[in-house]
Amino acid sequence: MVSLVRNNIIDLPTNLSLSYYWCSGFMISSFLIVQVISGVILSFLYVANSYMSFACVLDLTTEGLFIWFVRYFHIWGVTFIFLLFLVHMGRALYYSSYSKLGVWNVGFILYLLMMVEAFLGYILPWHQMSYWAATVLTSIINSIPYFGLSIYKFVVGGFSVTNVTLVRVFSAHVCLAFIILGFSVIHLFYLHKSGSNNPLFVSGGYSDIVLFHSYYTAKDGYVLVFLLLLCCSFLLYFPDFVLDVESYIEADPLVTPVSIKPEWYFLAFYAMLRSVESKIGGLILVLVFLLALWLPTLNTAAPYSLIRQYLFWFIASLFILLSYLGACHPEFPFVMVSKVGSLFIVFFVLLYKGLWAVSSYYSNFSRLFVYVY
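Because the structure is predicted, anything quoted here is derived from the model rather than measured.

Draft legend 1. Quick peek at the pattern of salt bridges. Tallied over the full model, the rule gives two salt bridges. In this structure, K261 and D244 form a salt bridge, with 3.1 Å as the shortest nitrogen-oxygen distance. Of the two residues, K261 is situated in the loop between α9 (212-237) and α10 (267-275) and D244 in the loop between α9 and α10; the sequence distance between them amounts to 17 residues. Relative accessible area serves as the criterion here: at 21%, K261 is assigned to the partly exposed category.

Draft legend 2. Up close: the nonpolar core. Judged by nonpolar contacts, the single largest core of 95 residues is most densely connected at F82, F269, F289 and I345. If one sorts the elements of this core by residue count, helix α4 (residues 65-94) sits on top with 15 residues. When residues of this core are sorted by domain, at least three fall in each of domain 1 (7-200 + 210-260) and domain 2 (267-361). Residues in contact with F82, not counting those within four places in the same chain, are Y111, M114, M115, A118, W264 and Y265.

Draft legend 3. Looking closely at unusual backbone geometry. Following F332, the chain continues into P333 via a peptide bond in cis, with omega recorded as 5 degrees. Relative to the helices and strands, P333 resides in the loop between α12 (306-327) and α13 (334-354). Phi at S96 takes a positive value of approximately 55 degrees, unusual for a residue other than glycine. Topologically, S96 is positioned in the loop between α4 and α5 (101-123). At Y146, a position not held by glycine, the phi torsion is positive, near 70 degrees. When you line up the elements, Y146 lands in the loop between α6 (128-142) and α7 (148-156). For Y146, a relative accessible area of 80% puts it in the exposed group.

Draft legend 4. Representation of the state of the cysteines. Using the criterion set out here, one finds zero disulfides in the structure. Here C56 is not disulfide-linked; the sulfur of C175 is the nearest cysteine sulfur, at 19 Å. Looking at C232, it has no disulfide partner, and the nearest cysteine sulfur is the one in C231, 5.7 Å off. Overall, C232 belongs to the partly exposed group, its relative accessible area being 22%.

Draft legend 5. Broad picture of the confidence of the model for the protein chain. Summarising the model, the protein chain shows a mean pLDDT of 84, and 91% of its residues fall at 70 or more. For the stretch residues 357-373, pLDDT sits under 50, and the model shows eight contacts to residues farther than four places along the chain or on other chains.

Draft legend 6. Fine view of helix α2 (residues 24-45). The terminal C-alpha atoms of α2 lie 32 Å apart, and with 22 residues this matches the ideal 32 Å at 1.5 Å per residue to within 8%. For α2, the set of buried residues is S24, M27, I28, S30, F31, L32, Q35, V36, S38 and L42.

Draft legend 7. Examining a nonpolar patch on the surface more closely. Taken together, F226, L230, F234, L236, Y237, F238 and F241 make up a surface patch of nonpolar side chains, about 780 Å² in accessible area. Here L236 lies in helix α9.

Draft legend 8. Main features of the domain arrangement of the protein chain. Along its sequence, the protein chain is organised into domain 1 (7-200 + 210-260) and domain 2 (267-361). Computed from C-alpha atoms alone, the centre-to-centre distance between domain 1 and domain 2 is 22 Å. Roughly 2,200 Å² of surface becomes buried between domain 1 and domain 2 when both sides are summed, with 68% attributable to carbon and sulfur atoms. For the side of domain 1 that touches domain 2, the elements supplying multiple residues, two or more each, are α4, α5 and α6. Broken down by element, the residue count for the side of domain 1 that touches domain 2 peaks at seven residues, all from α5. By residue class, the composition of the side of domain 1 that touches domain 2 is 20 nonpolar, seven polar and no charged.

Draft legend 9. Quick peek at helix α11 (residues 279-294). Counted at 1.5 Å a residue, the expected span for α11 with its 16 residues is 22 Å, and the 23 Å between its end C-alpha atoms agrees. Buried within α11 we find G281, G282, L285, V286, F289, L290, A292 and L293. Of the surrounding secondary structure, the elements contacted by the buried residues of α11 are α4, α5, α10, α12 and α13.

Draft legend 10. Seen up close, the packing of α4 against α9. Where α4 contacts α9, the two axes come as close as 10 Å, and the packing angle between them is 125 degrees. Taken together, α4 and α9 sit at an angle that is classed as oblique. The handedness of the crossing between α4 and α9 is right-handed. In this structure, α4 contributes W68, F69, Y72, F73, W76, F80 and L84 to the contact, and α9 contributes L227, L228, L230, C231, C232, F234, L235 and L236. Class assignment of the residues belonging to the contact of α4 with α9 gives a composition of 15 nonpolar, no polar and no charged.

Procedures and definitions
Residues numbered from 1 in each chain as written. Predicted model: local features only at pLDDT ≥ 70, side-chain atom pairs only at ≥ 80, totals over all residues. Heavy atoms only, no water. Salt bridge = Lys/Arg side-chain N within 4 Å of Asp/Glu carboxyl O. Helix = DSSP H or I, 4+ residues; strand = E, 2+ residues; numbered from the N terminus. Buried < 20%, exposed > 50% of the residue type's maximum accessible area, 1.4 Å probe, protein only. Core = buried A, V, L, I, M, F, W, Y, C linked by side-chain atoms within 4.5 Å. Domains from an automatic or database assignment. Contact = heavy atoms within 4.5 Å. Disulfide = S-S within 2.5 Å. pLDDT = per-residue confidence, 0-100. Expected span 1.5 Å × (residues − 1). Patch = residues over 30% accessible without salt bridge, like charges linked within 9 Å, V, L, I, M, F, W, Y side chains within 5 Å. Areas by Shrake-Rupley, 256 points an atom, 1.4 Å probe, with all protein chains shown as cover. Buried area = accessible area lost by both parts, 1.4 Å probe. Nonpolar A, V, L, I, M, F, W, Y, C, P; charged D, E, K, R; others polar. Axes fitted to C-alpha atoms, helices over the stretch in contact; angles between N-to-C directions. Parallel < 35°, antiparallel > 145°, perpendicular 65-115°, else oblique. Left-handed = near helix turned anticlockwise from the far one by under 90°.

Printed below as a string of structure tokens:
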């Protein structure tokens, strides 16, 4: 056990050129562990019942300072995890880390599982927005041809979102957290097996190496302490900043909120879903985008191609725009702009992944030029 820890943490050979962007993976793992610990504490106090869950969640904020802190750290922890996920995946796209198939495939599965886990956790407080977000998003499953109704009944436990759904969501939320931890270990295994990518895109992850300790342990530790202090600062000064006003209204199946929207990290996908008139069409659009985002190719890093750099920042800008549009009321011109933005972001991602032949050509040409010179 000691040798396993030593070989994977202390004496791990690591590329010298890794910047602070490469700290995001360790930050996600650290926050994930904090989320599991805080979630286990909250699970001891939570009651999965449609008549009691909302009152139970509100009582957590008045029962004591420790439970209040644990609950709000759990809320803010999700926000920081998805912010770090965006940085982590953005860095992977920019430096073409998806060329390492094992690491990228498991990491993308982790991202999908984290989205499911966050959505399940969003339902548990049983307030107005969580109830209606669950109702709207699960109804998309019902629109799947042939098997949609059967899958929908299996997921929600009936013909609509009820107490049975809440019990199933709570059970799935707890179990999925440990599955995510298992996939994180697999992700780390593939990372240490193939070696990390680097800003210079040097072939072979273990070239120009230093030992992980103490060069990167100090670097990661500094970033972790900074992010924990930042998270605690937001938690203490703006505890409800990431919560919707509807979070303090108990779920009522007879009263629909004026504007139904999920949490901020789902807004871009929500804008895509709303941009198509049919539910199944919106679902297909989101799946196509995720497929294009996952698609691994043989690119070199974007710094070696000016066109791919422009495309990357177009994609990032469109994702931010769609996140804003997802929070807007579904009316003209927001729906129309969402439709155009959704089509463009899918096209740009496919183009970004498809320019590998051009970037590889220029990369090989530049290497030949340096060699001849």
